[in-house]
Amino acid sequence: LSVENPLTITKDMFVESLKKIGIKSGDVLLVHSGLSYMGHIAGGAETVLDALIEAVGEEGTLLLPAFTRPYIGFEGYVNRTRMYRPFAPEFFDNINTGAIPKALLYREGTKRSAHATHSWCGVGKMADYCLSAQGCLDGPTSKNSPLEKAWELGGKVLFIGSDIHSNTFLHYLEDKANAPYLGSATIKIKDADGNLRTETITNHLPGHRSFYGYTPREGKFYK
């Protein structure tokens, strides 16, 4: 039994596709990605990053979510899943947003915001501006978040290999509207000396799922 892949996607093909959908030099991109759903990419995550960086150019900025799950309590429930890990910024294996953000974090010059559950990583001209204001225990999508900064700069949200229900920008709108259903999350953080401390983050996600929706068809926003 043999399997032959009829199409290998190269960096040049990827760049051309990005240009066709309106990505241009100087753009600020918030990118949600899923490498395993993109088809066969020659060079994998590194090729995707090279293509994105080339598409936005030297004047552009690339921002990717580097979210983690250090929750011991979430939406009133104790977290009993195996996905729990204390937050430690230097430990990239805790990131649950896929291979592409992880690959970016290993690149020299990549910046990362300080948030304990909803940090972002990025490169490019405005990366430091977009990432530096977000504190460790801020509301994940507050005015200090990269979402606010990207909106100020006229940014775009790009989905590649990812359904549009993974749109964290919608939570920024909830925070902006001061939605009453945003709750609190209790987390663990591992300090540099290895000690654990417990912290609480207010105005936390996911908020109201009938607005956000697990699929676009179910979400009130997309309707």
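The written sequence of each chain sets the order in which its residues are numbered from 1. Reporting in this predicted model follows two pLDDT cut-offs: at least 70 for local features of residues, and 80 or more for side-chain atom pairs to be given and counted; totals over whole chains, interfaces and linings ignore these cut-offs and use all residues. For the side-chain quantities, the full set of heavy atoms in the structure was used; hydrogens and water were omitted.

A. Layout of the packing of aromatic side chains. Between the rings of Phe, Tyr and Trp (Trp by its six-membered ring), a pair exists once the centres lie within 6.5 Å; its type follows the angle of the planes, with under 30 degrees stacked, over 60 edge-to-face, and the other angles tilted. Going through the model one piece at a time under the given rule, you end up with 4 aromatic pairs. For the ring pair Phe92 and Tyr106, a centre distance of 5.0 Å and an interplane angle of 80° mean the geometry is edge-to-face. Of this pair, Phe92 sits in the loop between β6 (77-78) and α3 (99-105) while Tyr106 sits in the loop between α3 and β7 (111-112), placing them 14 residues apart in sequence. Note on classification: 1.4 Å probe, protein chains only; a residue is buried when its accessible area is under 20% of the maximum for its type, exposed when over 50%, partly exposed between these limits. Classification of Phe92 by relative accessible area gives buried; the value is 16%. On the basis of relative accessible area, Tyr106 is assigned to the exposed category, the value being 60%. Pairwise contacts between aromatic rings join Trp151, Phe169 and Tyr172 into one cluster. Helix and strand labels come from DSSP, where a helix needs a run of H or I of at least four residues and a strand needs a run of E of at least two; each type is numbered from the N terminus.

B. Geometry of helix α6 (residues 169-176). Most of α6 is tucked away: 6 of the 8 residues are buried. Here α6 has its buried residues at Phe169, Leu170, His171, Tyr172, Glu174 and Asp175.

C. Geometry of the environment of Glu152. Tracing the sequence through the fold places Glu152 in helix α5 (residues 146-152). A relative accessible area of 41% means that Glu152 is categorised as partly exposed. Considered as a pair, Glu152 and Cys130 are 22 residues apart in the sequence and their alpha carbons are 9.7 Å apart.

D. Broad picture of the pairing of strand β11 (residues 196-204). Here strand β10 (residues 183-190) pairs with β11 via 7 bridges, running antiparallel. Following the sheet pairing, Lys188 is matched in β11 by Thr198. Adjacent in sequence and paired antiparallel, β10 and β11 are bridged by 5 residues, among which Gly194 carries a positive phi angle near 95°. Here, any two strands with at least 2 DSSP bridges between them count as paired.

E. Fine view of the nonpolar core. The biggest cluster of nonpolar side chains holds 29 residues, and the ones touching the most others in it are Phe14, Leu29, Val31, Val48, Leu52, Leu62 and Ile160. Looking at this core, the elements with two or more residues in it are α1 (11-20), β2 (28-33), α2 (44-56), β4 (61-67), α3, β8 (118-124) and β9 (156-160). Broken down by element, the residue count for this core peaks at 7 residues, all from α2. By definition in these notes, contact holds between two residues if any of their heavy atoms fall within 4.5 Å. Not counting chain neighbours up to four residues away, the residues in contact with Ile160 comprise Phe14, Val31, His32, Ser33, Gly34, Met38, Val48 and Leu52. Put simply, buried Ala, Val, Leu, Ile, Met, Phe, Trp, Tyr and Cys residues joined by side-chain atoms within 4.5 Å make one nonpolar core.

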